[in-house]
Amino acid sequence: MTTPMMRQYREAKDSHPGMLLLFRMGDFYELFEDDAVRAAGLLQLTLTSRDGTMPMAGFPHMQLDAYLRRLLQAGLRVAVCEQVEDASQAKGLVRREVTRVVTPGTLTEDDLLEPRASNRLLAVAPAPGGKLGLAWVEVAQGTIRLAEMDRAGGLDLIGLLDPAEVLVPDNTAGRAESLALGVREDRLTRRPDWQFEREGARQTLRERFGVSTVAGFGVEEDSPGVTAAGGLVAYLKETLPAGQAHLELRPYETGELVRLDEAVARGLELVRAGTREGREGSLWEAIDRTRTAMGSRLTRDWLLAPLAGRAAVAARHDAVEALLGDDTLRESLRARLKEIGDLERVAARAGSLRAGPRDLAAVRRALALAPEVLSLLATESLAEPLAPQAARIDTCPELADLLNRGLADDPPAQTGEGLVIRPGFDSEIDELRSAREGGKEWLARYQAAEITRTGISSLKVGYNSVFGYYIEITHAQTSKVPPDYTRRQTLKNAERYITPELKDHEEKVLGAEERIKAREVELFGQMRQTALNHAASLRNTAGALAELDALAGFAEFSRERGCVRPELLPDDGAPILQVTEGRHPVLEGLLPGGTLVPNDLALGPDDGMLLLITGPNMGGKSVYLRQAGLMVVLAQAGCFVPAKSCRLALVDRVFTRIGAGDDLNRARSTFMAEMIETAAILNGATARSLVLLDEIGRGTSTYDGVSLAWAICEDLHERAGCRTLCATHYHELAQLAERMPRARALRVEVRETAKDVLFLYRMRPGSTDKSYGIHVAARAGVPAAVVGRARALLEELERTYRAGNRADGVGEASSQEPPQTVIKNPRLIQSSLFANSQDPVLEEIRALDLARVSGPEALELITRWRRELGAK
């Protein structure tokens, strides 16, 4: 089909490859060809055809945002082609242009985004040697971060960033990388490979930032991160041509932050709990007391990237302490922040010329409240700790004055839908409005005069958008119609007429209405341009207000939960973590008041650098591990912690091996996934790291698992020397507390009764040799017959083990035992770590020089050996 309109369509379509094109035709958006077939299925639209040959589908223009949301959720990118001239004034074909490109990673519209969720665009540039160049941006913030990382670190960072859209080069390396990234296919956008060529990418950045070299941004020009940033900026130029004015370029400073990987975020449930959608049950939800969506998003970012520098952490603690110290001042600040709302995303729309009248009204409200916020921050208690935030708040007096004078009090969402320009701001609009309002009075006078002239008391003057103004007379009165009336429309019960005088008035009024709309669009465009000129200041102000909201949220959480400020120990001192009566910050909010059992934690050269925790299933071992990690994350994010006291030498990294599950996307079994995470811990942990291990080695056979667990704990204790908590059901590991000087054993306290077991959820020194798994199974509702059978088998195993595992007939049943209870070689299930001839107690006895051992020393050795062999 080669009509002029279809040629116009194809030009727009060809200039936006890989995108669905929504083509405006009157009051509808139409899709053609393959786009129509695809959209009809996704949006449940009726698929028709143009001239019987070309597939076609469409929807009313007022439903655009609703359909855009569904297309974006399906991972599609959309170009919106609008009519950019009035059809009534067009000479020939109406001019159309693509005015908006919508992709998952470049959204700023509130109705298309989750308010609390970050929305990042990421570009990945594969590099030689297994390196990755990464560049990412949250369009609402405008700061492009770039980094060069090894593959493992890059994958961890991508998991934490959780980008809405990932750009990769459309070449062999890019296609291979897209598979290795593990990113969902609907989030991938393949880009021309020339945009990821080193020199081309550097030139893109030089042109965008007006520099001869990007080295001035603190990055190396040859870095793969620069290549990724060039590809990202090229994409933004296409999708947000007006939204690039205030982009910034900064390197990702890993040394300033505690490095957390995806395993840590998942294991500690920082922003998502288990497999749940959303944030329910996460640390983020538990502590979030912010009043704005931008403050909530920043809180999430802080939890995923705690601070590593002592001065920076202390600065946040100072701010929280100041806000916590004055309830009235804090609540006044939080009330104003709530009124300001999500200025960050409003500023992003202003910076891309997408701001509507209500967006600028939100800017006006924020700028009106900014002086009040600054006044609160100027009080003596807040002035110093919150000075960095106060310094970044700009009241933008020029913009504020323009919006106060020119923007209506309650403008509509879009121009053309109501009063946008304030009366008194523009004389031309005031005159046109006066003519329009005077026209209503004229119509009333004209109707009264015509009733008098014709003698038709039921005569009415009306208006509709199809026929314009008319005089309506019932059929019973048509004999009285004057000869100067011209019939325009026949209805069932009446006729409608027009007169030359009424026609002249219609032209005046409708002409005034159109001129009002045109003038309002012109003036609002000037306001929007002024807002664009202030976009950088608005973004800085929004960032400062988001920080204030996050800090005030920390203070409010600390007040509610009775939290304490952590004492930060010197960086050159011992790696210590001491918590008195610590409480799990998530569980404390979920359980009834006073039911959560607090626990102490002591890690350090004197208290032990390796804690080996044994105890029953459901006894609280995993909670204790997570609690330790959450205390560190909270403290170094800048929040106070739920405890009676906390002393902390800052950590450089947190590692976790918590939870088990297959990684089917990467063809990894549960045990392989566990070992990969463990390898990352052993290869990356330093003396200042915190390591949390939960049931390490449980994904394989008992002997393999306990041997690995033993060796891993030895390595962390001897080589890394880091703070480590290891919860295990391998009770043999508790022997390490006797063998290594900085290892300690802890056990979960349990009280046994004649009929049941009571879990006290308290940690005590020492170890246990029972897991109470059968008790937990009974509580979980396992059928009584199965539980009874398990108890019988357990008794047989224990009886056989106590009998000494006779070489002839180990575990054979007596003549009175039913044959189905026989378990051959029960010692091979689990009796001791050293069930074979390589028993370390035997090895130690063989190597012992009896001539050099005194009586007391021999007694001490025998006592220890008996304990290690399980003697009572």
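This structure is a prediction, so every number in the text was calculated from the model and none was measured.

A word on the nonpolar core. By size, the foremost hydrophobic cluster in this structure holds 107 residues, and its most contacted members are Leu268, Leu270, Leu283, Leu545, Leu601 and Leu725. If you look at the next biggest cluster of nonpolar residues, it comprises 24 residues, including Ile144, Leu167, Ala229 and Leu240.

To continue, consider unusual backbone geometry. If you check the backbone angles, aspartate 162 has positive phi at about 50 degrees while not being a glycine. Checked against the element boundaries, aspartate 162 lands in the loop between α4 (151-161) and β10 (165-169). One non-glycine residue, glutamate 581, lies in positive phi territory at about 50 degrees. Here glutamate 581 is to be found in strand β18 (residues 577-582).

Residue position: lysine 621 is located in helix α22 (residues 621-637). Despite its burial, lysine 621 pairs with no opposite charge, the nearest such side chain being glutamate 695 at 4.2 Å. A distance of 3.2 Å separates the side chain of lysine 621 from the backbone oxygen of glycine 615, its partner in a polar contact. A polar contact is formed between the side chain of lysine 621 and the backbone oxygen of proline 616, at a distance of 3.0 Å. Setting aside residues no more than four positions away along its own chain, lysine 621 makes contact with Ile613, Thr614, Gly615, Pro616, Glu695, Ala727, Thr728, His729, Val748 and Met763.

Attention now goes to helix α2 (residues 33-43). Looking at α2, one finds that the buried residues are Asp35, Ala36, Ala39, Ala40 and Leu43. Axial view of α2: buried residues confined to an arc of 125 degrees, hence all on one face. Opposite the buried face of α2, by more than 90 degrees, sit the exposed residues Asp34 and Gly41. On the buried face of α2, the contacting elements are α1 (4-14), β1 (20-25), β2 (28-32), β4 (54-60) and α3 (64-73).

All told, the structure shown has 53 salt bridges when counted by the stated rule. Two residues, aspartate 288 and arginine 116, come together in a salt bridge whose shortest N-O distance is 3.9 Å. Separated by 172 residues along the polypeptide, aspartate 288 in the loop between α9 (283-287) and α10 (293-304) and arginine 116 in the loop between β6 (96-102) and β7 (120-127) bring together distant segments of the chain. Assessed through its relative accessible area of 43%, arginine 116 is described here as partly exposed. Between arginine 206 and glutamate 199 there is a salt bridge, and its shortest N-O distance comes to 3.0 Å. Under the relative-accessibility criterion, arginine 206 is labelled buried at 14%. Here glutamate 199 falls in the partly exposed class, since its relative accessible area comes to 42%. A single network of salt bridges, built from pairs that share partners, joins Glu199, Arg202, Arg206, Glu221 and Asp222.

This part is about the sheet that holds strand β17 (residues 567-568). Pairing is mixed in the open sheet, where four strands are placed in the order β17-β21-β18-β19. Whereas interior strands pair on both sides, the edge strands pair on one side only; in this sheet they are β17 and β19 (599-603). As paired elements, β18 and β19 share four bridges and run antiparallel to each other. When the bridges of β19 are listed, valine 579 appears paired with leucine 601. Across the sheet, α22 is in contact with β18, β19 and β21 (645-648); its angle to β19 comes to roughly 75 degrees.

Attention now goes to the state of the cysteines. This structure, assessed with the given rule, holds zero disulfides. There is no disulfide at cysteine 639, and the cysteine sulfur nearest it, in cysteine 563, is 5.9 Å away. Residue cysteine 639 is classed as buried on the basis of its relative accessible area of 0%.

A few words on the packing of aromatic side chains. For the coordinates displayed, the defined rule picks out 11 aromatic pairs. Each ring, one from tryptophan 442 and one from tyrosine 446, has its centre 4.9 Å from the other, and the planes form 10 degrees; the classification is stacked. Linking tryptophan 442 with tyrosine 446, this pair stays in helix α18 (residues 427-454), spanning four residues, or about one helical turn. Members of the aromatic cluster, joined through ring pairs, are Tyr9, Phe23 and Phe32. Lying across the ring of tyrosine 29, arginine 24 places its NZ or CZ 5.3 Å from the centre. A cation sits over an aromatic face here: arginine 300 above tryptophan 284, 5.8 Å from the ring centre.

A separate point is the sheet that holds β1. The six strands are arranged β3-β4-β2-β1-β5-β6 in an open sheet whose pairing can be described as mixed. The two strands at the open ends of the sheet, each matched to only one other strand, are β3 (48-50) and β6. Taking each pair of neighbouring strands and ignoring which way they run, the sheet shows an average axis angle of 35 degrees. Across the sheet, α2 touches β1, β2 and β4, and the angle it forms with β2 is around 110 degrees. Against the sheet, α3 makes contact with β1, β2, β4, β5 (78-83) and β6, and its axis sits at roughly 50 degrees relative to β6, the strand it touches most.

This paragraph deals with the pairing of strand β8 (residues 131-138). Here β8 lies mainly inside the structure; seven of its eight residues are buried. As judged from the eight bridges shared by β7 and β8, these two strands associate in the antiparallel manner. Each residue of the ladder has a partner; that of arginine 120, found in β8, is glutamate 138. Bridging between β8 and strand β9 (residues 143-150) involves seven bridges; their strand directions are antiparallel. Paired with alanine 135 across the two strands is leucine 146, which belongs to β9. Between β8 and β9, which follow one another and run antiparallel, lie four residues, and glycine 142 among them has a positive phi close to 85 degrees.

Residues at a pLDDT of 70 or more form 91% of the protein, whose mean pLDDT is 86. Taken together, the stretch residues 661-667 has pLDDT below 50 and engages in eight contacts with residues farther than four places along the chain or on a different chain. For the stretch residues 805-837, pLDDT sits under 50, and the model shows 52 contacts to residues farther than four places along the chain or on other chains.

For any two helices packed against each other, one specifies the inter-axial angle together with the distance between the axes. Orientation of helix α14 (residues 357-377) relative to helix α20 (residues 535-561), taken along the N-to-C sense of each, is 55 degrees, at an axis distance of 12 Å. One way to sum up the angle between α14 and α20 is to call them oblique. Our pair here, α14 against α20, has a crossing hand that is left-handed. Taking contact as the criterion, the partners of Val363, Leu367, Val373 and Leu377 in α14 are, on α20, Leu538, Leu545 and Leu548. Looking at the contact of α14 with α20 residue by residue, the class counts come to seven nonpolar, no polar and no charged.

For the rest of this paragraph, the subject is the side chain of histidine 584. Relative to the assigned elements, histidine 584 resides in the loop between β18 and α21 (587-590). For histidine 584, the side chain forms a polar contact with the main-chain nitrogen of valine 586, separated by 3.2 Å. One polar contact links the side chain of histidine 584 to the main-chain amide nitrogen of leucine 587, over a distance of 3.2 Å. Setting aside residues up to four positions removed in sequence, histidine 584 forms contacts with Leu596, Val623, Arg626, Gln627 and Leu630.

Moving on: the packing of helix α13 (residues 343-350) against α14. Relative orientation of the contacting elements α13 and α14 amounts to 125 degrees, with a least axis distance of 10 Å. Between α13 and α14, the angle is such that the two are oblique. Our pair here, α13 against α14, has a crossing hand that is left-handed. For the pair α13 and α14, contact is made by Leu343, Val346 and Arg349 and by Asp359, Ala362, Val363 and Ala366, respectively.

Before going further, it helps to spend a moment on the environment of arginine 259. Residue position: arginine 259 is located in the loop between β12 (248-251) and α8 (262-267). Its relative accessible area of 32% is what places arginine 259 among the partly exposed residues. Here the alpha-carbon distance between arginine 259 and arginine 653, two residues 394 residues apart in the chain, equals 5.2 Å.

Cut-offs applied
- Residues numbered from 1 in each chain as written.
- Predicted model: local features only at pLDDT ≥ 70, side-chain atom pairs only at ≥ 80, totals over all residues.
- Heavy atoms only, no water.
- Core = buried A, V, L, I, M, F, W, Y, C linked by side-chain atoms within 4.5 Å.
- Buried < 20%, exposed > 50% of the residue type's maximum accessible area, 1.4 Å probe, protein only.
- Helix = DSSP H or I, 4+ residues; strand = E, 2+ residues; numbered from the N terminus.
- Lys, Arg positive; Asp, Glu negative; His and termini not counted.
- Salt bridge = Lys/Arg side-chain N within 4 Å of Asp/Glu carboxyl O.
- Polar contact = N/O pair within 3.5 Å; in protein donor to acceptor, adjacent residues only side chain to side chain.
- Contact = heavy atoms within 4.5 Å.
- Arc of directions from axis to C-beta.
- Pairing = 2+ DSSP bridges.
- Axes fitted to C-alpha atoms, helices over the stretch in contact; angles between N-to-C directions.
- Disulfide = S-S within 2.5 Å.
- Phe/Tyr/Trp six-rings, centres within 6.5 Å; stacked < 30°, edge-to-face > 60°.
- Lys NZ or Arg CZ within 6 Å of the ring centre and 35° of its normal.
- pLDDT = per-residue confidence, 0-100.
- Parallel < 35°, antiparallel > 145°, perpendicular 65-115°, else oblique.
- Left-handed = near helix turned anticlockwise from the far one by under 90°.
- Nonpolar A, V, L, I, M, F, W, Y, C, P; charged D, E, K, R; others polar.

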